[in-house]
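# Commentary on secondary and tertiary structure
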Amino acid sequence: MKLQRKNRLRATALGALAVSSALVLTACGSDDNSGSDTGSGATKTTAAASDIKCDGAQGQLRASGSSAQKNAMDLWVKNYMAACSGAEVNYNSSSSGEGIVAFNQGTVGFAGSDSALKPEEVAESKKICKTGQGINLPMVGGPIAVGFHLEGVDSLTLDAPTLAKIFDTKIKKWNDPAIAKLNSGVKLPDTAIQAFHRSEDSGTTQNLGKYLGAAAPSDWKYEAEKKWPAPGGQAASGSAGVAAQVKQVNGSIGYFELSYASSQQISTVDIDTGGAAPVKATSEDASKAIAAAKIKGTGKDLALDLDYTTKAEGAYPIVLVTYEVVCDTGNKADTLGSVKSFLTYTSSEAGQKLLIDAGYAPIPEAINTKVRETVAALS
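Our subject in this report is the structure included herewith.

## A few points about the packing of helix α2 (residues 70-83) against helix α12 (residues 349-357)
Packing of α2 against α12 leaves a shortest axis separation of 10 Å and a crossing angle of 135°. What the angle tells us is that α2 and α12 run oblique. Our pair here, α2 against α12, has a crossing hand that is right-handed. For the pair α2 and α12, contact is made by Ala-72, Leu-75, Trp-76 and Asn-79 and by Gly-351, Gln-352, Leu-354 and Leu-355, respectively.

## Remarks on the pairing of strand β1 (residues 59-65)
The pairing of β1 with strand β2 (residues 87-93) spans seven bridges and is parallel. Looking at the pairing, Arg-62 lines up with Asn-90 of β2. With respect to chirality, the unit in which β1 leads through α2 into the neighbouring parallel β2 is right-handed. Pairing between β1 and strand β3 (residues 110-113): three bridges, direction parallel. By the bridge assignment, Ala-63 is partnered in β3 with Phe-110.

## Some thoughts on the side chain of Thr-346
Within the secondary structure, Thr-346 is located in helix α11 (residues 333-346). If we ignore the near neighbours within four places in the chain, the residues touching Thr-346 are Trp-76, Met-139, Gly-351 and Gln-352.

## So, the packing of aromatic side chains
With the rule as written, the count across this model stands at eight aromatic pairs. Summarising the aromatic geometry, the rings of Tyr-91 and Phe-110 are spaced 6.4 Å apart at their centres and angled 20° between planes, so their arrangement reads as stacked. With Tyr-91 in strand β2 and Phe-110 in strand β3, this pair connects stretches of sequence that are 19 residues apart. The buried category is assigned to Tyr-91, whose relative accessible area is 11%. Taken together, Phe-167, Trp-220, Tyr-222, Trp-228 and Tyr-255 form an aromatic cluster joined through their ring pairs.

## Some points on the state of the cysteines
What the rule picks out here adds up to two disulfides. Across the disulfide, Cys-54 is cross-linked to Cys-84 (sulfur-sulfur distance 1.9 Å). In this structure the cystine formed by Cys-54 and Cys-84 twists about its S-S bond by roughly -85°; its chirality is therefore left-handed. In this pair, Cys-54 sits in the loop between α1 (2-19) and β1 while Cys-84 sits in the loop between α2 and β2, placing the two residues 30 residues apart along the sequence. Covalent S-S linkage joins Cys-129 and Cys-327, the inter-sulfur distance amounting to 2.1 Å. Between Cys-129 and Cys-327, the S-S dihedral sits near -80°, and the bridge is therefore left-handed. Here Cys-327 lies in strand β13 (residues 319-327) and Cys-129 lies in helix α4 (residues 119-129), a separation of 198 residues in the sequence.

## Here's the deal with empty space enclosed by the protein
All told, the structure shown has two cavities of 30 Å³ or more when counted by the stated rule. Quantified by volume, the largest cavity comes out at close to 90 Å³. Lining the largest cavity are Phe-103, Gly-106, Val-108, Gly-109, Ile-128, Cys-327, Gly-330, Asn-331, Lys-332, Thr-335 and Val-339.

## What about unusual backbone geometry?
With phi around 55°, Thr-169 is a residue other than glycine that occupies positive phi space. If you trace the backbone, Thr-169 turns up in the loop between α5 (160-167) and α6 (177-182). Unusually for a residue other than glycine, Gln-265 sits at a positive phi of about 55°. Residue position: Gln-265 is located in the loop between α9 (258-264) and β9 (267-268).

## Section: the pairing of β3
Side chains of β3 alternate between two faces, with Phe-110 and Gly-112 and Ala-111 and Ser-113 buried alike. Strand direction decides the pairing type here: β3 and β13, joined by three bridges, are antiparallel. From the neighbouring strand, Gly-112 faces β13, where its bridge partner is Glu-324.

## Some remarks on the side chain of Glu-121
You can see Glu-121 is positioned in helix α4. It is Lys-226 that comes nearest to the buried, bridge-free Glu-121 among opposite-charge side chains, at 4.8 Å. Leave out the neighbours within four places in its chain, and Glu-121 touches Ile-100, Asn-104 and Ala-116.

## Points about the packing of helix α3 (residues 96-104) against α4
Remark: α3 packs on α4, axes separated minimally by 8 Å, with the N-to-C direction vectors making an angle of 40°. Between α3 and α4, the interaxial angle falls into the category oblique. From α3, Ile-100, Phe-103 and Asn-104 reach across to α4, where they touch Glu-121, Glu-124, Ser-125, Ile-128 and Cys-129. Residue classes in the contact of α3 with α4 are distributed as four nonpolar, two polar and two charged.

Rules of the game
Residues numbered from 1 in each chain as written. Predicted model: local features only at pLDDT ≥ 70, side-chain atom pairs only at ≥ 80, totals over all residues. Heavy atoms only, no water. Axes fitted to C-alpha atoms, helices over the stretch in contact; angles between N-to-C directions. Helix = DSSP H or I, 4+ residues; strand = E, 2+ residues; numbered from the N terminus. Parallel < 35°, antiparallel > 145°, perpendicular 65-115°, else oblique. Left-handed = near helix turned anticlockwise from the far one by under 90°. Contact = heavy atoms within 4.5 Å. Pairing = 2+ DSSP bridges. Right-handed = clockwise from strand over helix to strand, strands pointing away. Phe/Tyr/Trp six-rings, centres within 6.5 Å; stacked < 30°, edge-to-face > 60°. Buried < 20%, exposed > 50% of the residue type's maximum accessible area, 1.4 Å probe, protein only. Disulfide = S-S within 2.5 Å. 1 Å grid on protein atoms, 1.4 Å probe; cavity = no way out; pocket = protein on both sides within 12 Å on 5 of 7 lines; lining within 4 Å. Points joined across faces, edges and corners; volume = space filled by probe spheres on them. Lys, Arg positive; Asp, Glu negative; His and termini not counted. Salt bridge = Lys/Arg side-chain N within 4 Å of Asp/Glu carboxyl O. Nonpolar A, V, L, I, M, F, W, Y, C, P; charged D, E, K, R; others polar.

Any functional reading would require information beyond the geometric quantities listed.
Here you go:
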């Protein structure tokens, strides 16, 4: 009850801000972030009913998966259900892995995943999709922040090789020469590094691994999987757990979506990509990296190939894209209309525009145009 009252109070406050045209930033979270100051329950419904087409939407549409898109999904669902009174969307923010399992078991109309379907998952989906298969529709982008807590140090720059050695426990002290070289003029203490990672399978972990493997291949030899691969370090449950540890423990470092750093005032690492200047973890800088993505999926599949080694000016390279996983054909008749109607809204200009105000990175228009075409053709 306390949380509901808190959300109602925050919703009232943010509604007033929206009236005065203030920009509300509630950056994306990879786990349930509703207990923090960025909980999506505080976000004002801003979509006009005319932005949402309810054609074919009826009954309950169940979905689950990635919690990286939780704040966006909460906002979309709120707006959609306000416009489509005959439809109910229930999105369970769990994890990418759980969402895909639920999809391939046929218990949800679509799933959210921070990484594209693996070949074996596509093969499994054919049992549910009957005449088709599961495909990836990129819907939400955002930065993965590397947060740190080091008393006396407010600003820190690291590059991919140094990050790889830190998370692989090869660099153990904050005044290590490799860190000092990247932070000229910063007084670094002789404090032990406490590196935290996710304890459960996580799309955020996998995307960090993709970045480290691509940008520091000599120092990060692990496959990019949802399960944390390196020995050592300390584990915490969910991005919320990792952020809580970083917040509390001096000498700590961890990775989580930007909302956790923003809501808990955790300092974040600037990334030296080899470009003109280190890049900060912001939605705008993440958008610049996502804009360079190429479609690697075939047919109706729109899985993206992200360039984690980009040196483009102001492009933050540690990013993730959340996909909505659907059947291209063979969708269940009782949910097809709702799936198409809802995803038509989320991929619309109005739906994607809301991501900016929520601190996410919208999908580039050239790619999103194909998403809309694919959604329209679902059957």
